[in-house]
Amino acid sequence: MFSVPNLATLTLVLLDLAVLGSAIDPAFTIPSSYAPTSRACPSTPLIRSTNASSVLQLSAAEQAWIAKRDAVTSPLWTSYLNGTGVWTSGSAPAGFVPPRVSLAVSGGGLRAMTYGASVLSQLDSRITPAPVHAGVLQLATYFAGLSGGSWLVSLMYLNDFPAMTNLTLLNTWDPQFDLLTPDGDIGDSTIHRFVDSIGFYKNVLDGVEAKDNAGYPVGLTDFWAGLIAAHLPPNVASAGNDSTSAFTPPFSQIANTVPVANASVPLPFLTTCQRSAGETQVSVLSNVWEISPFEVGSANNAVRSFIQTAYLGTNMSIGSPTQSTCTTNLDQTAFLSGASSSLFNIPLAALATDSSAFTLISDLAKKITGAGEDTAEFPNPFAALPAVNASISSASTIRLVDGGEGGQNIPLRPMLARSDVVIAVDGSADTTYNYPNATSIIVSAQYSVWMDDPVDSFPPVPKTPDAFVAQGLNTRVAVFGCGAAVNASDTYKGPVIIYVPNSAPGANLTTYTFDFTAAETTAFFDGAPAAVSGGLSSADAATCFACALLAPSFRNNTALLAQSSKCQTCLSSWCWNGSTEGEPGWVGVPATKNYNGVSFPPPLISSGIPLSLFENAAVTNRVGGRAAVLASAVLVAFLLI
């Protein structure tokens, strides 16, 4: 007879084998090329512009989907809350309306992706044995990712949203296989991995060349997309497997997969930011772009327009196609995820102005940067559109880069506008030890002020990273926006943020580490229960997390809070109390110190890949060597195109 631990292990193995062996969702059409295709344009408008409003205006498709999702989550809320012992009476009071919840996973490369995956493992009711917070994932309406977080979103939805465990991650993405050399054998030297992956590089190069020959702009992000594609369906990275393609299903087709079409899982979003004409790096004022299976665009006042995702890349003028056919297949998932994680412009901008660099390298960097080939670039869907800012309507293309370059490394903006509660999963490397200090939270709070968002669009938070660290808010679950639930004089009524920072021992590998050993990946999953539970016992942690989810309900109706003595206790310890401990007397991170959102030029957050990364010999061998070999090969290939 199996013992309980062995039964649990066997269940997990069978679950992960089922995921590994399952065919790709029939709703997906596997492209035969990386090059975009075309088909007859639909009779409905491709572009949707919104007017200036304090309320986000959603597309008809998203509104219809939300109605379906609400019908799915409503009974789940009842069973979830009854299981956590939140209500003193044992059941929810009459008239209780549950909040709308979103998940937002930060950037930070493979570290952020793996940390995000480990947090999912603690929130999913399908995991056996059940984690402390089982069922929270099933309550979420949205799931957003940025940069490394976008890889997790892509992986989940191209694999029909599997129950994420350590074994699931190994059987799908498999962090043991280097992102830069996906067909190399585990443990081989850099040069051996590179040689083993030459066949795959040729496939990537052929795809980029086909896109270029089709008349679409190409750049380094297209090569990057090919590397990401090696870890996504229909490709599976494995030793000695020269993947037959670097193509992934269109992101728009996720809407047609069974889980999303039935609204049985959250709606996926990727976020990125826009680099404007004349810039080499984006500033803290850059427009935030959001990507869903339905639409691509920005809710920023300068844009306030969206194009149907399936037709991204169509040449447009004044909101209409310039031809009788529309572009399709440009929205391949790996390309959009690559756009969310495209950081090439930062080192290239440094090389272009580095007097110590070889002239050939410096000139090449200037050429690539000047042409926008260091970004994710596509035809401007809002060309000549009156609704957008003139600097955007006059551009021939849109250029997108890593969503964290503007300092907002957690995809909060599109989620806060749609949600009552956002679970912010932060796997950033803000400190010298590669752990977060809430820089992204602070910059996002500042951005909300700079963009003149409605007063209640962002909750009050500490003013600097120093304050976050001094108050220990970067190492535990912290809730922001509790308002009158903990302070009767606090009038805040907007969305609540549940901040879940990475603090797991051993889960602090550098952003530029492109493969993890099995032991390193395990460290994330081993540390996840504590990271999501705030250091409490299982029963108390389950109750307090449920109370955090209900914070906006309690805040807006304090009589409701009186019916949950447990939540009164939980919120008093988990909610931020407005402390000024550690405040240095100014607002922002060092780059945005007291910036008012008006002075020109606006500050830059990223100044380049830190040279300190290569001071450690072990890191140099593991990261720098592989990156240098691949970068050289890509640049040479780029010259050939």
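The rules behind each value
- Residues numbered from 1 in each chain as written.
- Predicted model: local features only at pLDDT ≥ 70, side-chain atom pairs only at ≥ 80, totals over all residues.
- Heavy atoms only, no water.
- Helix = DSSP H or I, 4+ residues; strand = E, 2+ residues; numbered from the N terminus.
- Buried < 20%, exposed > 50% of the residue type's maximum accessible area, 1.4 Å probe, protein only.
- Contact = heavy atoms within 4.5 Å.
- Areas by Shrake-Rupley, 256 points an atom, 1.4 Å probe, with all protein chains shown as cover.
- 1 Å grid on protein atoms, 1.4 Å probe; cavity = no way out; pocket = protein on both sides within 12 Å on 5 of 7 lines; lining within 4 Å.
- Points joined across faces, edges and corners; volume = space filled by probe spheres on them.
- Nonpolar A, V, L, I, M, F, W, Y, C, P; charged D, E, K, R; others polar.
- Pairing = 2+ DSSP bridges.

### Observations concerning the overall build of the chain
So, point 1. Scanning the chain from N- to C-terminus turns up 23 helices and 16 strands.
So, point 2. Burial analysis of the chain (641 residues in total) assigns 57% to the buried set.
So, point 3. Sequence separation of at least 24 residues holds for 74% of the intrachain contacts in the chain that already meet a minimum separation of 6.
So, point 4. Entry remark: accessible area of the chain is about 23700 Å², with carbon and sulfur atoms responsible for 58%.

### Observations concerning the environment of Leu227
So, point 1. Mapped onto the secondary structure, Leu227 falls in helix α9 (residues 220–229).
So, point 2. Its relative accessible area of 6% is what places Leu227 among the buried residues.
So, point 3. With 45 residues separating them in the primary sequence, Leu227 and Pro182 have C-alpha atoms 7.3 Å apart.

### Observations regarding unusual backbone geometry
So, point 1. The omega torsion of the bond from Pro233 to Pro234 falls at 10°, within 30 degrees of zero and hence cis.
So, point 2. Following the sequence through the fold, Pro234 ends up in the loop between α9 and α10 (258–261).
So, point 3. For the bond from Phe600 to Pro601, the omega torsion is 0°, close enough to zero to count as cis.
So, point 4. Despite not being glycine, Ala263 shows a phi value in the positive range, around 60°.
So, point 5. Judged by relative accessible area, which is 0%, Ala263 ranks as buried.
So, point 6. Phi is positive for Ala438, close to 70°, though the residue is something other than glycine.
So, point 7. Here Ala438 is to be found in the loop between β14 (421–426) and α16 (439–450).

### Thoughts on empty space enclosed by the protein
So, point 1. The tally for this structure, following the rule as stated, stands at four cavities of 30 Å³ or more.
So, point 2. In this structure, the largest cavity occupies an estimated 90 Å³ of space.
So, point 3. Surrounding the largest cavity, 15 residues form its lining, Leu146, Thr272, Val288, Gly403 and Gln408 being those nearest its centre.
So, point 4. A total of three residues in the lining of the largest cavity trace back to one element, the largest contributor, which is strand β5 (residues 267–274).
So, point 5. When its residues are assigned to classes, the lining of the largest cavity shows eight nonpolar, six polar and one charged.
So, point 6. Here the second largest cavity is characterised by a volume of approximately 40 Å³.
So, point 7. Forming the boundary of the second largest cavity are Ser59, Glu62, Phe269, Glu290, Ser292, Phe294, Glu295, Phe306 and Arg418.

### Focus on the side chain of Arg69
So, point 1. Along the chain, Arg69 falls in helix α2 (residues 60–84).
So, point 2. In contact with Arg69, not counting residues within four places along its chain, are Leu137, Gln138, Leu139, Ala140, Thr141, Ala263, Ser264, Val265 and Pro266.

### So, the pairing of strand β16 (residues 496–501)
So, point 1. Across the six residues that make up β16, a large majority, six, are buried.
So, point 2. Burial of β16 is two-sided: the residues Val496, Ile498 and Val500 facing one way and the residues Ile497, Tyr499 and Pro501 facing the other way are all buried.
So, point 3. Two elements, β14 and β16, share six bridges in a ladder whose sense is parallel. Within β16, the position partnered with Val422 by the bridge is Ile497.
So, point 4. As paired elements, strand β15 (residues 478–480) and β16 share three bridges and run antiparallel to each other. Pairing of Phe480 across the sheet is with Ile497, part of β16.

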